[in-house]
Amino acid sequence: MPTEKKISSASDCINSMVEGSELKKVRSNSRIYHRYFLLDADMQSLRWEPSKKDSEKAKIDIKSIKEVRTGKNTDIFRSNGISDQISEDCAFSVIYGENYESLDLVANSADVANIWVTGLRYLISYGKHTLDMLESSQDNMRTSWVSQMFSEIDVDNLGHITLCNAVQCIRDLNPGLKTSKIELKFKELHKSKDKAGTEVTKEEFVEVFHELCTRPEIYFLLVQFSSNKEFLDTKDLMMFLEAEQGVAHINEEISLEIINKYEPSKEGQEKGWLSIDGFTKYLMSPDCYIFDPEHKKVCQDMKQPLSHYFINSSHNTYLIEDQFRGPSDITGYIRALKMGCRSVELDVWDGPDNEPVIYTGHTMTSQIVFRSVIDIINKYAFFASEYPLILCLENHCSIKQQKVMVQHMKKILGDKLYTTSPNMEESYLPSPDVLKGRILIKAKKLSSSCSGVEGDVTDEDEGAEMSQRMGKENVEQPNNVPVKRFQLCKELSELVSICKSVQFKEFQVSFQAQKYWEVCSFNEVLASKYANENPGDFVNYNKRFLARVFPSPMRIDSSNMNPQDFWKCGCQIVAMNFQTPGLMMDLNIGWFRQNGNCGYVLRPAIMREEVSFFSANTKDSVPGVSPQLLHIKIISGQNFPKPKGSGAKGDVVDPYVYVEIHGIPADCAEQRTKTVHQNGDAPIFDESFEFQINLPELAMVRFVVLDDDYIGDEFIGQYTIPFECLQTGYRHVPLQSLTGEVLAHASLFVHVAITNRRGGGKPHKRGLSVRKGKKSREYASLRTLWIKTVDEVFKNAQPPIRDATDLRENMQNAVVSFKELCGLSSVANLMQCMLAVSPRFLGSDNTPLVVLNLSEQYPTMELQGIVPEVLKKIVTTYDMVPLSSAAASEPQDGRDSVCPAHHDVSATEQMIQSLKAVIENADAVYEKIVHCQRAAMEFHEHLHSIGTKEGLKERKLQKAVESFTWNITILKAVHHQEGALM
């Protein structure tokens, strides 16, 4: 099958099928046969050769074809022993005959599979009228519009325009196209016709436009929803938006708004039709970006204690290069504050003329005047966010210059300074909402017992530590820097209120003695040690106290640590070198986008709740959190630039894509596509990946595009997004440069699906997992505390936990069974099932074979006369799937069927039984679990004393407390999941 010419119409698909192509024919006995398939010239039958059958039997009549399925969604594919080796994107099945037999095929590429699926569906739709439809489509709305564009340039009606004008017009319509590529296409066309001169005729203009401005992957998507028309009408678009894009409360008015906004032709706007060009423009618009626009504004609860948030933080903000010799500059503060940073660092030393200066002590970094930095901070503090800004003050000044610092801060910052003394009756810090517009000073503070105008405090000197490291070759030890002391004036001390810097000793000491307004700073090495050796304690510590982590002194080149290593422990202030681009800053920038880029991100509930169990280093599923399955298909790329600094290969780009998951250790993974050689303009990848996400609220997805080069792969672009911000459906990913700038017109086209999404996140993203048999079910296990009275309570919780699991799994099994019978994968949703099966429920004269009865409490589907056995099975199975789950599944794989309104929801025996079980039993199960949780929590406050009375000591007592926390976490999770079912 030729691949040089782009597919831009049904006619192209039919012509390719007539020429034929090699496809693999799959049989149930795991055997695969290579056959050459082609469409008869009269378009009446599909043939294959060679075959042991005579030529009249090695064919299928087009009129006998019932449907064409994409993917591995027949019994033969599912039962085939080598199914795992077959690409989902290259597989398709032709369902034919009265018994719904299947011809299961695998193409050499997803593009070829799409051609056959599109062409066959077109033939099924139009039958003997196919030729008439193909001829009429040649003079379609799109061609008329492009011809009109030509006529507007050809003002003198010469019948031709200059090459320059033709190129410019096409570039204006498709800005991502390179001028050289458009010129080359016209020259190739002229050469093929042996034409002299450079004038471009209308026919040539239309042909080149179709060739360059049609994206086949978008055309194939359009015809899935358009009933094989060359455009989407308002109802088609509504179906696409609801079934694929997950748009709630869609109506024709919204569809028309989209058409009027994106359809370029007046005819399309007047008729309410969206052409391939309008559809492409819509899919490439910000409306269809992968980032959920809900997260572009502050969307999280901002009334939690400050310690419950991750805070966007900068290290040595004044530096714009390396840590030892680099220049200091106020632009470092401007950049960080404009990027939403909410914690900046000021390393202050005595300067000339009694003016304090900022630089890294004991190094050769240049100096900037303290006053000018405070001026800049005052100007830009709330430029990007209204929420509190923390100034991490590392003070090394004499008493005299400390007083100058105080004068500058009071005079310049004025009422923005938050100096209110902490409330001794509280247990947690104020919220970001309460502290809006305020600047907090994090620094050393004199003891309340100090009565003089100055006093003695311990020094914080990261510069001295780094200077010390510079002279050492040995492996760094986190605690080998001697503690120094210095004099602090009372005036400066009084500016410090709820962010008093103190030295960390150990977790048990902090749990007993640390005040909620005291903040500890951890060297990266020490923080890593605690993260690995005491992950549970670190998480619990950070529920109440702020922890700041700063880079190792060995990072003299200003490289960055991985912030995820410390976020997973709940550390709020992970200080980053904003001047150093790369993976770690991509993660930091991407992470803080999720809450309006306000610099604060609410931590997962499991890391905030007083009684909850979470270990940062878990390599398995997280207790109390439902794992999610993330399905990502990398479809294509657009307009990849040549990597900066690469010149060896000229303009040639050989791109491939990495999809990376960053989060807790159990979630970290990566997958890569194949390399597409010598195509950076419009590479087609068509590869699907699946990732299990165990803690969605801490996970991030990073798309990286690289140039495959034997010398060393080079960076083209990337995009990093929190898992919680993903929009499902067909989306474009706008690529960014190494330094974070948007790359003009460069993007990835992807499909995103999320299944088994219960509990956290947005309801419209929730889905259902694959089927599990009862024997293989994993029931949540509760731990024994060896405290009899408490264990008895948890023992009573075990039966309702099992009941809840069975209700949920039985419902999911019924749904998955129904999806399979509909010819769809477990990733699909029930709306897509309706779209897939509704044509089967219509007779040859378009009378319904099945009707929906809504008169009873539970809806049922009633057969009308004699129907094929396969339809009876679908009707019977569908009865067991709860209708409510239709709204709980994320749209995945659009179908090209048109479903009558009364068929959009159906129900029969199996699914209804499952629905009944959930509705009638969920409340009681839910109440039992809540009752057990409340009963157990009554022991929480006195658990230590109860355990001691039971004879538990030290380690065993600590283990009992941990087991109690584990059990409460499990109970909370089960009742949240049960609540989601109801």
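The name given to the chain in an unreviewed UniProt entry is Phosphoinositide phospholipase C, and the organism recorded there is Ursus maritimus. Turning to the chain, the UniProt annotation filed under Subcellular location (unreviewed entry) states: "Cytoplasm". On record in UniProt, under Catalytic activity (unreviewed entry), the comment for the chain is "a 1,2-diacyl-sn-glycero-3-phospho-(1D-myo-inositol-4,5-bisphosphate) + H2O = 1D-myo-inositol 1,4,5-trisphosphate + a 1,2-diacyl-sn-glycerol + H(+)".

## Brief notes about unusual backbone geometry
Here the amide bond leading from Glu49 into Pro50 is cis, since omega sits at -5°, within 30 degrees of zero. As for its placement among the helices and strands, Pro50 is situated in the loop between strand S3 (45-49) and strand S4 (59-61). The phi torsion at Asn316 lies on the positive side, around 40°, for a residue other than glycine. As for its position among the elements, Asn316 is in the loop between strand S12 (309-314) and helix H14 (331-338). With a phi close to 50°, Asp686 is a non-glycine residue in the positive phi region. Residue Asp686 is classed as buried on the basis of its relative accessible area of 11%.

## Re the packing of helix H7 (residues 179-192) against helix H8 (residues 202-213)
The geometry of H7 relative to H8 is characterised by a closest axis approach of 10 Å and an angle of 130° between their N-to-C directions. As the angle between them shows, H7 and H8 are arranged oblique. Crossing handedness for the pair H7 and H8: right-handed. Across the interface between the two elements, Lys181, Ile182, Lys185, Phe186, Leu189 and His190 of H7 pack against Glu204, Phe205, Glu207, Val208, Glu211 and Leu212 of H8. Residues of the contact of H7 with H8, tallied by class, amount to 6 nonpolar, 1 polar and 5 charged.

## What about the pairing of strand S29 (residues 700-707)?
Most of S29 is tucked away: 8 of the 8 residues are buried. Both faces of S29 are covered, namely the face carrying Met700, Arg702, Val704 and Leu706 and the face carrying Val701, Phe703, Val705 and Asp707. Relative to S29, strand S26 (residues 655-662) runs antiparallel, the two being bridged by 8 bridges. When the bridges of S29 are listed, Tyr656 appears paired with Leu706. In this structure, S29 lies alongside strand S30 (residues 714-722), joined through 8 bridges in antiparallel fashion. Among the inter-strand pairings, Arg702 is bridged to a residue of S30, identified as Thr720.

## Some remarks on the environment of Asn534
If you trace the backbone, Asn534 turns up in the loop between helix H20 (524-533) and helix H21 (535-541). It is 9.2 Å that separates the C-alpha atoms of Asn534 and Ala616, two residues lying 82 residues apart in sequence. Setting aside residues no more than four positions away along its own chain, Asn534 makes contact with Phe507 and Lys529.

## A word on the pattern of salt bridges
Applying the stated criterion across every chain, the model contains 34 salt bridges. With a closest N to O distance of 3.8 Å, Lys229 and Asp233 form a salt bridge. Lys959 serves as the salt-bridge partner of Glu962, at 3.5 Å between the closest nitrogen and oxygen. On the criterion of helical spacing, the pair formed by Glu962 and Lys959 is a turn pair, its members being 3 residues apart in helix H29 (residues 954-981). Take Glu962: its relative accessible area is 31%, and that puts it in the partly exposed class.

## Some details on the sheet that holds strand S1 (residues 21-26)
In space, the 7 strands of this open sheet follow the order S4-S3-S2-S1-S7-S6-S5, with antiparallel pairing throughout. Both edges of this open sheet fall to S4 and strand S5 (65-70), since each of them pairs with a single strand only. Pairs of neighbouring strands in the sheet enclose a mean axial angle of 30°, with direction left out of account. Bridge count for S5 against strand S6 (residues 91-96) is 5 bridges, and the pairing is antiparallel.

## Quick look at the packing of aromatic side chains
What characterises a pair of aromatic rings is the spacing of the ring centres plus the angle enclosed by the ring planes. Tallied over the full model, the rule gives 36 aromatic pairs. Summarising the aromatic geometry, the rings of Tyr387 and Tyr600 are spaced 6.3 Å apart at their centres and angled 65° between planes, so their arrangement reads as edge-to-face. Remark: Tyr600 occurs in strand S24 (residues 600-602) and Tyr387 occurs in the loop between helix H15 (370-380) and strand S16 (389-395); sequence separation between them is 213 residues. Residue Tyr387 is classed as buried on the basis of its relative accessible area, which comes to 6%. Looking at Tyr600, the relative accessible area reads 0%, which means it is buried. Between Tyr516 and Trp517, the ring centres sit 5.1 Å apart and the planes meet at 85°, which makes this aromatic pair edge-to-face. Comparing Tyr516 with Trp517, the two get one shared label, buried.

## Looking at the pairing of strand S32 (residues 742-755)
With 11 of 14 residues buried, S32 lies mostly within the body of the structure. Looking at chain direction, strand S25 (residues 628-638) and S32 are connected through 9 bridges and run antiparallel. Looking across to S32, one finds that Ile634 is bridged to Val750. Where strand S31 (residues 729-736) meets S32, 7 bridges bridge the pair, whose relative direction is antiparallel. Pairing of His732 across the sheet is with Phe749, part of S32. As consecutive antiparallel partners, S31 and S32 are separated by 5 residues, and within that stretch Gly740 has a phi angle of approximately 95°, a positive value.

## Examining the environment of Glu610
Position of Glu610 among the secondary structure elements: in the loop between S24 and S25. Sequence separation between Glu610 and Lys543 is 67 residues, and the spatial gap between their C-alpha atoms is 7.3 Å. The contact partners of Glu610, leaving out residues within four places of it in the chain, are Lys543 and His940.

Reading the values: the criteria
Residues numbered from 1 in each chain as written. Predicted model: local features only at pLDDT ≥ 70, side-chain atom pairs only at ≥ 80, totals over all residues. Heavy atoms only, no water. UniProt positions renumbered as here; feature names shortened; annotations may be inferred. Helix = DSSP H or I, 4+ residues; strand = E, 2+ residues; numbered from the N terminus. Buried < 20%, exposed > 50% of the residue type's maximum accessible area, 1.4 Å probe, protein only. Axes fitted to C-alpha atoms, helices over the stretch in contact; angles between N-to-C directions. Parallel < 35°, antiparallel > 145°, perpendicular 65-115°, else oblique. Left-handed = near helix turned anticlockwise from the far one by under 90°. Contact = heavy atoms within 4.5 Å. Nonpolar A, V, L, I, M, F, W, Y, C, P; charged D, E, K, R; others polar. Pairing = 2+ DSSP bridges. Salt bridge = Lys/Arg side-chain N within 4 Å of Asp/Glu carboxyl O. Phe/Tyr/Trp six-rings, centres within 6.5 Å; stacked < 30°, edge-to-face > 60°.

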